[in-house]
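# Per-entry structural report
If you want the building blocks of each chain, they are given just below.
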Amino acid sequence: MLSPRLIVTAHAPLAAFAAMGVLWGTFAAALPDLKAQLDVNEARLGLLLLPTPLAAVSAMLVAPLVGVALGRIALPVAALAMGLAFILPGQVHVAAFFPLAMMCAGAATGLTDVLMNARVAALENERGLHLMNLCHAAYSFGYAGGALATGVMRDAALPPGVVMAVAGIGAALIAALAFERDGTIHGLARPPKGQGSGLGLVPLIGGGIVLIAFLTENAAENWSALHIEKTLGGSPAEGAMGPAALALTMGFARIAGQGLVARLNAGRLLRAGAVVSATGALGAAFATSPTMAYAGFIVMGIGSSVIAPTAFSLVGRMAAPEARARAVARATLYGYFGYFFGPPMLGFLAGLFGLRAAFVFAAAMLMAVLVLTPLLMRRG
């Protein structure tokens, strides 16, 4: 299920996934302090976050070109830029400038995400290994580590600027491990016209499943701390435990999924994950104490853990070999509409109807996976 061979083979994307997890885990756990520093409510905060996905999508569109231009150093350079970009949001005290800082973070994240998922898909098919769950587990563990460390720093009354700077520098150091002797991601360049350049519907359907997975994951990751602190009256440390509990659960579940994915039908795994995750989201929505919310996030994490990695692997396996990297890049682009548009949209819902309604909406979205999965399997 997990061996030194797998870790050595995937060490570059593993480092990139872990660095991204540290950064977003820190951001989610520091969000209450960032909100207070900017002196805005949930609805205004959601609006300030809205430009982030625009920058991310723009970066994702040019990611294949960047990957071709930079060759084997594309992934480590993107991951290093991501670490440095996340220092910026903590330094902003005026709400009007916060979107600019988040656009830098979003663009660097979008670029890194396309490149690291494409690299994993290439390694999976070149080596005949299952690596996607392992790499996504690295993100989850990094996320949990960032959230827990942020909880400690917040309890020590460190300001958001210091917290985000520590996370950014730490992630940049992790990104140094993403260098590899031959890290070129083949298949990113668009082939000449008339030579099978079409990708078909597989990246679109698979990306739709990833979109739902990322939207619901971020419902918990970005708003769980606020839900626990504001709705349920928890302390800053208890708030930080919300995203940490989800991320740790997803990390261990993805390690287990590393073995399950080779034994279970992928379609059944996707549908079961969606149902379990929706159950956890509803549990968190109707929780009456931080402990009940943790239980909901744990169940949600178990279900969500397998959705995105399984969908990415299916897209990579179903695509033609010469178009595999582009297909995964396209699915990543579609999927990350959920990753980035999810938090602002849920912020608007939370501002209008409360944070409980945001988690109910996440549970409803997960049910769409039951419709998209059969469509994807038929295309395969």
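Before reading on, note that the structure itself is shown above.
Here is a short report on the structure shown in this document. (Residues numbered from 1 in each chain as written. Predicted model: local features only at pLDDT ≥ 70, side-chain atom pairs only at ≥ 80, totals over all residues. Heavy atoms only, no water.)

Okay, the overall build of the chain next. A count of helical and extended segments in the chain gives 16 helices and 0 strands. Against the compact-globule benchmark of 21 Å for 380 residues, the chain has a radius of gyration of 19 Å, which places it among compact chains. C-alpha atoms of the chain, sized along the principal axes, occupy 55 × 40 × 40 Å. Within the chain, the proportion of its 380 residues that are buried is 60%. In the chain, the share of contacts with a sequence separation of at least 24, taken over all contacts with a separation of at least 6, comes to 86%. Roughly 13,800 Å² of accessible area belongs to the chain as shown, and the carbon and sulfur atoms make up 69% of that amount. Positive and negative side-chain charges of the chain, numbering 22 and 14 respectively, have mean locations separated by a distance of 12 Å. (Helix = DSSP H or I, 4+ residues; strand = E, 2+ residues; numbered from the N terminus. Rg over C-alpha atoms; globule rule 2.2 N^0.38 Å. Buried < 20%, exposed > 50% of the residue type's maximum accessible area, 1.4 Å probe, protein only. Contact = heavy atoms within 4.5 Å. Areas by Shrake-Rupley, 256 points an atom, 1.4 Å probe, with all protein chains shown as cover. Lys, Arg positive; Asp, Glu negative; His and termini not counted. Charge placed at Lys NZ, Arg CZ, Asp CG, Glu CD.)

Our next topic: a nonpolar patch on the surface. On the surface, Leu-70, Ile-73, Val-77 and Phe-179 cluster together to form a nonpolar patch covering roughly 300 Å² of accessible area. Relative to the helices and strands, Ile-73 is located in the loop between helix 4 (51-70) and helix 5 (74-85). (Patch = residues over 30% accessible without salt bridge, like charges linked within 9 Å, V, L, I, M, F, W, Y side chains within 5 Å. Salt bridge = Lys/Arg side-chain N within 4 Å of Asp/Glu carboxyl O.)

To continue, consider the nonpolar core. Judged by nonpolar contacts, the single largest core of 116 residues is most densely connected at Trp-24, Phe-27, Phe-86, Phe-98, Leu-115 and Phe-297. Considering each element in turn, this core owes the most residues, 15 residues, to helix 2 (residues 11-38). The contact partners of Leu-115, leaving out residues within four places of it in the chain, are Ala-63, Gly-67, Ala-74, Leu-75, Ala-78, Ile-185 and Leu-188. (Core = buried A, V, L, I, M, F, W, Y, C linked by side-chain atoms within 4.5 Å.)

Remark: helix 3 (residues 42-49) packs on helix 6 (residues 98-127), axes separated minimally by 8 Å, with the N-to-C direction vectors making an angle of 50 degrees. Considering the angle they form, helix 3 stands oblique to helix 6. Residues Leu-45, Leu-48 and Leu-49 of helix 3 form the contact with helix 6, whose participating residues are Phe-98, Pro-99 and Met-102. When grouped by side-chain class, the residues that make up the contact of helix 3 with helix 6 number 6 nonpolar, no polar and no charged. (Axes fitted to C-alpha atoms, helices over the stretch in contact; angles between N-to-C directions. Parallel < 35°, antiparallel > 145°, perpendicular 65-115°, else oblique. Nonpolar A, V, L, I, M, F, W, Y, C, P; charged D, E, K, R; others polar.)

Along the chain, Thr-373 falls in helix 16 (residues 369-379). You can call Thr-373 buried: its relative accessible area is 0%. Among the polar contacts made by the side chain of Thr-373, one reaches the main-chain carbonyl oxygen of Val-369 at a distance of 2.8 Å. With near-sequence residues (within four places) excluded, Thr-373 lies in contact with Ile-209, Gly-267, Leu-270 and Arg-271. (Polar contact = N/O pair within 3.5 Å; in protein donor to acceptor, adjacent residues only side chain to side chain.)

Moving on: the environment of Pro-374. Residue placement: Pro-374 occurs in helix 16. By relative accessible area, which is 25% here, Pro-374 ends up partly exposed. On a C-alpha basis, the gap between Pro-374 and Asp-182 in space is 37 Å, while along the polypeptide they are 192 residues apart. Once residues within four sequence positions are removed from consideration, Pro-374 is found in contact with Arg-271 and Val-369.

So, about the side chain of Ser-304. For Ser-304, the location among the structural elements is in helix 12 (residues 290-304). Polar contacts involving the side chain of Ser-304 include one to the side chain of Ser-277, which spans 2.6 Å. Setting aside residues up to four positions removed in sequence, Ser-304 forms contacts with Thr-216, Glu-217, Met-250, Arg-254, Gly-273 and Ser-277.

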